[in-house]
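# Structural description and commentary
Each chain, letter by letter, is given below.
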Amino acid sequence: MGTLGLERRVVASGPTAAFALQLALGSDLVVTVPDVVTRAARDQLGLVALPLPIPLPDVSLYLLRHQRYDDDRAHAWLRDLALESIQALFAPPGDLGDLGCRNEGVDAGAVSA
């Protein structure tokens, strides 16, 4: 941030995004929280989300399993459900993303957040 001429002043920190939203409510504080996990709470609290002034890299999420579950149909169903749920969760508002993702027997599935 310094290379962009920006600086921050931290006045509080807390254990959860929900705690950070409560700090911001009714104050002039600005909090940085993950959009995907705070979207509903922000709407309920009437808080406004703005994009960060700096770009951040994507974060990869991995779904790992032991190879002994490769041929387990129930486990495959659960993996597919988990991947679809994560894709839907991280899709932009109003966009369901590509929910056709299937686990093809690899050791890890990645979703960019």
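Everything numeric in this text was worked out from a predicted model, so none of it was measured.

### Quick notes on the overall build of the chain
What the chain contains, in helices and strands, is three helices and two strands. When the helices and strands of the chain are read in sequence order from the N terminus, they spell out α-α-β-α-β. Counting every position in the chain, which comprises 113 residues, the buried fraction comes to 13%. For the chain, the accessible area works out to roughly 8800 Å², and carbon and sulfur atoms hold 57% of it.

### Observations concerning helix 3 (residues 73-90)
With 18 residues, helix 3 should cover 26 Å at 1.5 Å per step; its first-to-last C-alpha distance of 26 Å lies within 8% of that length. Taken residue by residue, helix 3 has Arg-79, Asp-80, Leu-83 and Gln-87 as its buried positions. Take helix 3 and look down its axis: the buried residues cluster within an arc of 100 degrees, on one side only. Exposed residues pointing more than 90 degrees away from the buried face of helix 3 are listed as Ala-74 and Trp-77. Two or three places before Ala-74, at the start of helix 3, stands the capping residue Asp-72, its side-chain oxygen 3.0 Å from that residue's backbone nitrogen.

### Quick look at a nonpolar patch on the surface
There is a patch of nonpolar side chains on the surface, built from Met-1, Leu-4 and Leu-6 and spanning about 270 Å² of accessible area. Within the secondary structure, Met-1 is located in the segment before helix 1 (17-24). Taking the relative accessible area as the measure of exposure, Met-1 reaches 42% and is therefore partly exposed.

### Things to note about the confidence of the model for the chain
Looking at the chain as a whole, its pLDDT mean stands at 79, while 81% of the residues score no less than 70. Averaged over each element, pLDDT in the chain is lowest for strand 2 (residues 108-112) (43) and highest for helix 3 (90). Confidence drops under a pLDDT of 50 for residues 97-113, and excluding neighbours within four residues, the segment shows 39 contacts in the predicted structure.

### Structural notes on the side chain of Arg-65
Relative to the assigned elements, Arg-65 resides in the loop between strand 1 (60-64) and helix 3. In this structure the side chain of Arg-65 is engaged in a polar contact, spanning 3.2 Å, whose partner is the side chain of Asp-70.

### Considerations on the pattern of salt bridges
In total, this model carries three salt bridges according to the counting rule given. A salt bridge links Arg-39 to Asp-35; the shortest N-O distance between them is 2.7 Å. Residue Arg-39 and its partner Asp-35 are located together in helix 2 (residues 35-45), separated by four residues, close to a single helical turn. For Asp-35, a relative accessible area of 34% puts it in the partly exposed group. Asp-35 serves as the salt-bridge partner of Arg-42, at 2.9 Å between the closest nitrogen and oxygen. Residues joined in a network through salt bridges with shared partners are Asp-35, Arg-39 and Arg-42.

Calculation notes
Note that residues are indexed from 1 along each chain, following the sequence as it is written. Only residues with pLDDT of at least 70 get local features here, since the model is predicted, and only at 80 or more are side-chain atom pairs given and counted; chain-wide, interface and lining totals rely on the full set of residues. Processing note: side-chain calculations cover all non-hydrogen atoms of the structure and skip hydrogens and water entirely. Only DSSP runs of H or I with at least four residues qualify as helices, and only runs of E with at least two residues qualify as strands; both kinds are numbered from the N terminus onward. For each residue, the accessible area found with a 1.4 Å probe, counting protein chains only, is set against the maximum for its type, and the residue is called buried under 20%, exposed over 50%, and partly exposed in between. Here the accessible surface of atoms and residues is derived via Shrake-Rupley with a 1.4 Å probe, and residues count as covered only by protein chains that are part of the display. To estimate how far a helix should extend, the number of its residues minus one is multiplied by 1.5 Å. Directions are taken from the helix axis to each C-beta atom, and the arc is the one they span. Pairs of N or O atoms are called polar contacts if they sit within 3.5 Å, as long as, within protein, a hydrogen donor faces a hydrogen acceptor (for residues adjacent in sequence, only side-chain-to-side-chain pairs). Patches were defined on residues exceeding 30% relative accessible area and lacking a salt bridge, with like-charge contacts within 9 Å and nonpolar side-chain contacts (Val, Leu, Ile, Met, Phe, Trp, Tyr) within 5 Å. Any carboxyl oxygen of Asp or Glu within 4 Å of a side-chain nitrogen of Lys or Arg constitutes a salt bridge here. Every residue is assigned a pLDDT by the predictor, reflecting its confidence on a scale from 0 to 100. Contacts are assigned to residue pairs with any non-hydrogen atoms lying within 4.5 Å of each other.

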